[in-house]
Amino acid sequence: MTQTILYSYRRCPYAMRARMALAYAGIDVEIREISLREKPSSMLAISPKGTVPVLRQGTLVIDESYLIMRWALSQSDPDEWLKKELEASIDQWVARNDGPFKKLLDQYKYPDRFPETNLSDTLSKAIELQLNPLETQLKQTPYIFGEKISLADIAIFPFIRQFMMVDVAKFDQLDFVAVKRWLNEHLESALFLKIMTRYPTWEDSGLEKK
Ligand SMILES: N[C@@H](CCC(=O)N[C@@H](CS)C(=O)NCC(=O)O)C(=O)O
């Protein structure tokens, strides 16, 4: 069988969610931890936009993390992370995360790059947009769509982790009991710990450079 390769970056939330879905689906993947400063030419050759994660399996290339997750689940989805009837609602949560929430997260994380924005405004907007709806939902059910984990939980929590890590002391002060419980559960899960394994940085060999 053709080897599945994932160009990845350990701390990237997009790469985390792709690695989680692949591990959950039991897909044997060769993880290639890249340097974002010196991206391997073998990766840029198949995905010139230069973002991680990038999945390659023979001639198949997928260079969007959510699509990698969807592909992994199409191979195997033992606990039904993607129930057909929830698909549209899951897509909505992910779109809000990957679009406007990620934008605010970048502004919150790198305020110097966005001199026109005000930090406390950014924080309020991020809370209003994603943290509040998440808290409302997670107060009612353990996961976003009820009693069981879904693709939405896994696609989103690495970004809430990133939000928390910008300023842990500030996050601790926020009154999001349910979000914190949910986040901690994911951070302590065997799946997450497994995909946070450290790898040496991948370097193309002469063969790969061809
Ligand atoms: N929409 C892409 C976004 C991926 C992305 O932006 N990844 C970041 C790392 S977290 C990246 O590779 N940035 C390129 C760089 O830093 O040069 C996806 O979902 O896969």
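Owing to the predicted nature of the structure, the values given are computational and were not obtained by experimental measurement. (Residues numbered from 1 in each chain as written. Predicted model: local features only at pLDDT ≥ 70, side-chain atom pairs only at ≥ 80, totals over all residues.)

Novice: Is there a simple way to explain the overall build of the protein in this structure?
Specialist: Counting its secondary structure elements, the protein contains 10 helices and four strands. Element order for the protein, N to C, with α for helix and β for strand: β-α-β-α-β-β-α-α-α-α-α-α-α-α. By the compact-globule yardstick of 17 Å for 210 residues, the protein fits well, its C-alpha radius of gyration being 18 Å. Each principal axis of the C-alpha atoms in the protein carries an extent, and together these give about 55 × 45 × 30 Å. Per-residue burial over the protein gives 30% buried out of 210 residues. (Helix = DSSP H or I, 4+ residues; strand = E, 2+ residues; numbered from the N terminus. Rg over C-alpha atoms; globule rule 2.2 N^0.38 Å. Buried ≥ 20, exposed ≤ 12 C-beta atoms within 10 Å, placed from the backbone.)

Novice: How should I be thinking about the sheet that holds strand β1 (residues 4–8) in this particular structure?
Specialist: Through backbone hydrogen bonds, the strands of a sheet pair up, either in parallel or in antiparallel fashion. Reading across from one edge, β2-β1-β3-β4 is the order of the four strands in this open sheet, with mixed pairing throughout. Pairing within the sheet leaves two strands with one partner each, and these edge strands are β2 (29–33) and β4 (60–62). Here the strands of the sheet are splayed against their neighbours by 15 degrees on average, with no regard to which way each runs. Seen against the sheet, helix α1 (residues 13–24) touches β1 and β2 and runs at an angle of roughly 155 degrees to β1. (Pairing = 2+ DSSP bridges. Axes fitted to C-alpha atoms, helices over the stretch in contact; angles between N-to-C directions. Contact = placed C-beta atoms within 7 Å.)

Novice: I'm lost on the site of the ligand in this one. Help?
Specialist: In the vicinity of the ligand, the contacting residues are Tyr-9, Cys-12, Tyr-14, Leu-36, Gly-50, Thr-51, Val-52, Pro-53, Glu-64, Ser-65 and Tyr-66. Along the lines of polarity and charge, the residues of the shell around the ligand split into seven nonpolar, three polar and one charged. (Near = placed C-beta within 6 Å. Nonpolar A, V, L, I, M, F, W, Y, C, P; charged D, E, K, R; others polar.)

Novice: What is the right way to read the packing of helix α5 (residues 119–140) against helix α8 (residues 177–187) from this model?
Specialist: Between two packed helices, both the angle of their axes relative to each other and the distance between the axes serve to describe the pair. Running from amino to carboxyl end, α5 crosses α8 at an angle of 80 degrees, the nearest separation of the two axes being 7 Å. Classified by the angle their axes make, α5 and α8 are roughly perpendicular. Contacts from Leu-131, Leu-134, Glu-135, Leu-138 and Lys-139 in α5 reach Ala-178, Val-179 and Trp-182 in α8. Residue composition of the contact of α5 with α8, grouped by class: six nonpolar, no polar and two charged. (Parallel < 35°, antiparallel > 145°, perpendicular 65-115°, else oblique.)

Novice: Honestly, unusual backbone geometry in this entry has me stumped. Any pointers?
Specialist: Excluding glycine, a negative phi dihedral is what most residues carry, and trans is how most peptide bonds are arranged. The amide bond that connects Val-52 to the next residue, Pro-53, takes the cis arrangement and shows omega of 0 degrees. With respect to the helices and strands, the residue Pro-53 is situated in the loop between α2 (41–46) and β3 (54–57). One non-glycine residue, Glu-80, lies in the positive phi region at around 55 degrees. If you trace the backbone, Glu-80 turns up in the loop between α3 (65–75) and α4 (87–109).

Novice: Even after reading the chapter, I still don't get the pairing of β2, so can you show me in this structure?
Specialist: Consecutive side chains along a regular strand alternate between the two faces of the sheet. Inspection of the sheet shows β1 paired to β2 by five bridges, in the parallel sense. Counterpart to Ile-5 in the pairing with β2 is Glu-30. A crossover links β1 with its parallel partner β2, the connecting element being α1, and its sense is right-handed. (Right-handed = clockwise from strand over helix to strand, strands pointing away.)

Novice: I would appreciate a short explanation of the nonpolar core in the present structure.
Specialist: Nonpolar side chains in soluble globular proteins tend to be buried together. Membership of the largest hydrophobic core comes to 49 residues, with the highest contact counts inside it found for Ala-18, Ala-21, Met-69, Ala-152, Ile-154, Ala-155 and Ile-156. Here the element with the most residues in this core is helix α6 (residues 151–166); it accounts for nine residues. Sequence-distant contacts of Ala-18, that is, excluding residues within four places in its chain, are made with Leu-6, Pro-53, Ser-65, Ile-68 and Met-69. (Core = buried A, V, L, I, M, F, W, Y, C linked by C-beta atoms within 7 Å.)

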